[in-house]
Structure formats: structure tokens, C-alpha cells
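Each chain, letter by letter, is given below.
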Amino acid sequence: MSSASTFATTLQARLTAIRYAANGIHLYEFSPVEGDALPRFTAGAHIDLHLPNGLVRQYSLCNPQHETHRYVVGIKRDPSSRGGSSYVHEQLRVGTVLRVGGPRNHFALHEEARHTVLVAGGIGVTPIACMAQRLRELGASFEVHYSVRRREDAAFLDVLAGANLHLHVDAERGNAPLPVARIVTGADHDAHLYCCGPGPMLDAFEAAAAGRPAGHVHLERFAAAAPVVADGGFTVQLARAGRSIYIAKGCTILDALRDQGVSVQASCEQGICGSCETRVLSGRPDHRDSLLSDEEKQANQVMMVCCSGSKDPLLVLDL
Ligand code: FES
């Protein structure tokens, strides 16, 4: 639930280890600079890494959730990286102290589920690996479907290994993709289903899961599913600041707030990280993020101001 994550903290953490996980994927381990414990997290959570080059990037935690002495993230070097993963792989050295935001969880595990189906593609396996460890710890019933291009691309096999792991290596199956629709339609109706991976996999998952009970289908995107709303033509009232700001056409709410010197936390600016989540006091946002569930969107209690607009002429925010 998003509201639990609204007031995430930031702290200093030291990069204490870098380990090889798979082809192009390294594990980065962060330890507290002060004290010996980091804020607790739950499976599916991510942290923001504030990189020394000024970028802020979100990475899912992959170590067991009971650990408080470290955060571990798995980062794949993206060939088309805009300075996030390439910087991490090429420049970050053990000993570096970084600002870390979070943890936030918009992909939380329902631990009480009778059965859980975890579907991962590529580096989307990081939150799934964390969930699998948690479910194993609980003795819960689950299965993992993990798709990679080649066998050497598969990470976390040490923690995923077991009878419930179904590893799909595209290259060993004539480059056929993971049959996501078949997995989803074959799952029991009351199972909870999770998917994290590339856009086409998530689209196939979402389409196949359309008739399933609300709240049983969970996915996490790395890229925005819907375009950012910059239609403008409405006013945002900042309840705590006692100010009103008109959002002009071509501007997002976040743009307008920044123009007016209002500071709001933001990172991805495409509705996938949750750092700009803001409480809505009245009015109906035009939600365009990939984080809130349909129920949360209908409740209109919070919104992502980086990408969402307004259906009403006036939106009152808790700012
Ligand atoms: S800045 Fe990431 S959701 Fe708005």
C-alpha cells in the first residue's frame, strides 16, 4: 500500500562489497555509516541510490528482509544506460559513501496467500528473489518462473534453486519467450501473482490476468506504462503553504511546483518510483503512474505529481 511508504527517509550508507551475480549483473552491498542497523524493509521494496554524478536511481532490494545490517541490490549494466547503471558499474568503488533513500515498497508481498506465483524476466528477478526467500522462510506455497536469454544471464540461482523454480532459457528453446499467458491462466483463481520484467512481459501478464480478483495481481515496471500528463488547465492549491499555483498547458504539476520554488522529492519523473507521492485533500487526480493499484487510484488519497494531472479544475494537495 502506497501510503505506508510516503515518508521514506534518506541516510548515508557505505558500499562495502561488490560481487558478480551473472553476466552483466553485479551485487552491491551497502552498510550503515552510523550505528549498525538500517531501516527495515519488506520483500519487494526498493531504495533510491543518490549517485555522485547527481543521478538518483531506484533499485530493488534482494537480500532477505530480516537483515538490517545491509542492503543488497542487483544492478545490470544497461547498454543504453543514461548514466545510472553504467556509472555504478564503471565508477563506484568499495568504500564510497552514498545517500540512500527509502526503502519504499509498492510491490509488497501478501504473505497470507494460499499460493504465490512469481514471474521474472531478466533483471526483474531482483525483487522476485527477495520474495522467494521470504516465502521459503515462511514455509509458504509458491512457484517461480524466471526467464533469461542465456543461461549465463541467470542470477540468484543459489537462492531460487528448488523444485518450485522453472528457469526458462530463451536460447535453449529456439528463442521462444516465457509463456506468460499460459502460466497466468494455469494458476489457481485465488493465487497471488507477481511479475517484474521487461515491458512486453508485463503487458502479457496484465492482459492474461485481467479477469482475476482485484488485489491478487501485482507488477512492477521499470519504465512508464502511460504518458505523463502535461495538459494543464487546472489549479493546485497547496494547503499547508497556503498558496495556489495554476498548471499551464505543457507543464506537469512537478514542473510548476519547481518553477514556483516549492521543493518536492522526485526521482524517476515517470510514475514508477513513488518518491513524489503526495497526499490529495480534495479533487480527482488523473492518475498516470504505474504504482498505485486501481483501488488506490479510485480512492484519490494520494497521487504522483510528476506524471499525473487533474480531472477537476481544482486539486488540493497536502503541501
Ligand atoms: S518521481 Fe518517481 S513516481 Fe514521481
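Throughout, a residue's number is its position along its own chain's written sequence, starting from 1. Local features in this predicted model are restricted to residues of pLDDT 70 or higher, and side-chain atom pairs are both shown and tallied only at a pLDDT of 80 or more, whereas totals for entire chains, interfaces and linings draw on every residue.

Caption draft 1: A look at the sheet that holds strand β10 (residues 192–196). Strand order in the open sheet made by the five strands is β9-β8-β7-β10-β11, with parallel pairing throughout. The sheet is open, and its two borders are formed by β9 (165–169) and β11 (217–220), each paired with just one other strand. Across this sheet, the average inter-strand angle for adjacent strands is 10°, counted without regard to direction. Here the rule is simple: two strands pair whenever DSSP picks up at least two bridges between them. Counting from the N terminus, the helices are the DSSP runs of H or I reaching at least four residues and the strands are the DSSP runs of E reaching at least two. Of the pairings in the sheet, the one linking strand β7 (residues 116–121) to β10 comprises five bridges and is parallel in character. Bridge pairing in β10 links L118 to Y194. Residues are scored as being in contact if the C-beta atoms we place from backbone atoms lie within 7 Å. The axes are straight lines fitted to the C-alpha atoms, using for helices just the contacting stretch, and the angles between their N-to-C directions are given from 0 to 180°. Docked against the sheet, helix α2 (residues 125–138) engages β7, β8 (142–148), β10 and β11, running at close to 155° with respect to β7.

Caption draft 2: Spatial organisation of the pairing of β7. As a rule, residues whose C-beta atom has 12 or fewer other C-beta atoms within 10 Å are exposed, those with 20 or more are buried, and those in between are partly exposed; C-beta atoms are placed from the backbone. With six of six residues buried, β7 lies mostly within the body of the structure. Neither face of β7 is exposed, since T116, L118 and A120 on one face and V117, V119 and G121 on the opposite face are all buried. Here β7 runs beside β8; their pairing, made up of six bridges, is parallel. Among the inter-strand pairings, G121 is bridged to a residue of β8, identified as S147. With respect to chirality, the unit in which β7 leads through α2 into the neighbouring parallel β8 is right-handed. Call a crossover right-handed when, viewed with both strands pointing away from you, the route from the first strand across the helix to the second goes clockwise.

Caption draft 3: Looking closely at the nonpolar core. The nonpolar core criterion groups buried Ala, Val, Leu, Ile, Met, Phe, Trp, Tyr and Cys residues into a set whenever they are joined through C-beta atoms within 7 Å. Counting 61 residues, the largest nonpolar core has L118, I128 and F205 as its most contacted members. Leaving out residues up to four positions away in the same chain, I128 has contacts with L118, A120, V144, Y194 and C196.

Caption draft 4: A look at the domain arrangement of the chain. Looking at the assigned domains, one finds that the chain contains domain 1 (2–104), domain 2 (116–220) and domain 3 (234–317). Residue ranges labeled as domains rest on an automatic or database domain assignment. With centres defined by C-alpha atoms, the gap from domain 1 to domain 2 works out at 23 Å. Each side of the interface is counted separately: domain 1 has 14 residues, and domain 2 has 13 residues. For the side of domain 1 that touches domain 2, the secondary-structure elements that each account for two or more residues are β1 (9–22) and β5 (71–76). The element contributing the most residues to the side of domain 1 that touches domain 2 is β5, with three residues. Any residue that is not Ala, Val, Leu, Ile, Met, Phe, Trp, Tyr, Cys, Pro, Asp, Glu, Lys or Arg is counted as polar, Gly included; the first ten are nonpolar and the last four charged. Across the side of domain 1 that touches domain 2, the residue classes break down as eight nonpolar, five polar and one charged.

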